[in-house]
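In case you want the letters, here they are:
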Amino acid sequence: TINSDASVNNPLDTVLVIGNKVIGYTAGNYSGIYWNSTTHFFSIQNNFISLTYYLNGYGNGIFIATSKNSTAGINMINNNTVYKASTALSYGIYFTGAASSYTEILNNLIASSASYAVYVTTGNVSVHYNYFTSASLLGFTNDGTNITATNVTLNAEGLNTNPLSN
């Protein structure tokens, strides 16, 4: 899994978490990507997160515990795939950032049933063009661009093996 904390020293940088294949199996790896830093903006893009822990309703794809409390930049969670094959997730994307931070959650695929595909508790968050196999959303108003994607079947590499999916 990928975890962050506040020990990174340059507060003017954006930390990039891009293009990773993250496999989470054990109960100790509760989230595929876990962000808990108030010193940097983040950009989490193009990651394949596969959670394989066997318990139903266990695990988060991307968990943002906090974010930088600033409007000087934008945090991004874009183009990620979160996958749990046989049992449900707790949350596909769980966001509880700083009240005055800006975050975009765009074009992600949550290919698992989940308590909530996207759950936003605080912050200025734009959530658009995301696809879910279970469309339970909380903490924001769906503008109609976030839709349930039917017939999505992913293999172990994160490739959609169903050409008829939408």
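Computed from a predicted model, the values in this text were never measured in an experiment.

K.L.:
Where do I start with the packing of aromatic side chains in this structure?
P.N.:
A ring pair, where both rings are aromatic, is described by two values, the distance of the centres and the angle of the planes. Going through the model one piece at a time under the given rule, you end up with 9 aromatic pairs. When the ring of Y91 is compared with that of Y119, the centres are 5.3 Å apart and the planes differ by 15°; the resulting orientation is stacked. A residue pair is termed long-range when its members are at least 10 positions apart, and Y91 in strand β10 (residues 89–96) and Y119 in strand β13 (residues 114–122) qualify at 28 residues. Given the relative accessible area of 18%, Y119 is considered buried.

K.L.:
For this particular structure, what's the right way to read the side chain of N130?
P.N.:
By the element assignment, N130 lies in the loop between β14 (124–128) and β15 (131–132). A polar side-chain atom of N130 sits 3.1 Å from the main-chain carbonyl oxygen of H128. Once residues within four sequence positions are removed from consideration, N130 is found in contact with I105, L106, N107, N108, T145, N146 and I147.

K.L.:
What should I look at first to understand the pairing of β10 in this one?
P.N.:
The side chains of a regular strand alternate, residue by residue, between the two faces of the sheet. Along β10, 6 of the 8 residues are buried, which leaves the element largely enclosed by surrounding structure. As paired strands, strand β7 (residues 60–66) and β10 are joined by 4 bridges and run parallel to one another. In the sheet register, N60 faces β10, and the bridge partner there is Y91. In this structure, β10 lies alongside β13, joined through 6 bridges in parallel fashion. Across the sheet, F95 pairs through a bridge with V120, a residue of β13.

K.L.:
How do you make sense of the pairing of strand β3 (residues 21–24) when you look at a structure like this?
P.N.:
Burial of β3 is one-sided: the residues V22 and G24 facing one way are buried, the residues K21 and I23 facing the other way are not. In this structure, β3 lies alongside strand β6 (residues 48–51), joined through 4 bridges in parallel fashion. Directly across from K21, in β6, lies its bridge partner F48.

K.L.:
Could you clarify how one ought to interpret the sheet that holds strand β2 (residues 14–18) in this entry?
P.N.:
Neighbouring strands of a sheet are bound in pairs by backbone hydrogen bonds; such pairs are parallel or else antiparallel. Spatial strand order, β2-β5-β8-β11-β14: 5 strands in an open sheet with parallel pairing. Whereas interior strands pair on both sides, the edge strands pair on one side only; in this sheet they are β2 and β14. When the angles between neighbouring strand axes are averaged without regard to direction, this sheet yields 15°. In this sheet, β14 lies alongside strand β11 (residues 102–106) in parallel orientation, the contact comprising 5 bridges. Bridge pairing links Y102 to N124 in β14.

Thresholds applied
- Residues numbered from 1 in each chain as written.
- Predicted model: local features only at pLDDT ≥ 70, side-chain atom pairs only at ≥ 80, totals over all residues.
- Heavy atoms only, no water.
- Phe/Tyr/Trp six-rings, centres within 6.5 Å; stacked < 30°, edge-to-face > 60°.
- Helix = DSSP H or I, 4+ residues; strand = E, 2+ residues; numbered from the N terminus.
- Buried < 20%, exposed > 50% of the residue type's maximum accessible area, 1.4 Å probe, protein only.
- Polar contact = N/O pair within 3.5 Å; in protein donor to acceptor, adjacent residues only side chain to side chain.
- Contact = heavy atoms within 4.5 Å.
- Pairing = 2+ DSSP bridges.
- Axes fitted to C-alpha atoms, helices over the stretch in contact; angles between N-to-C directions.

Honestly, that's just the spatial picture; any functional story needs more than this.
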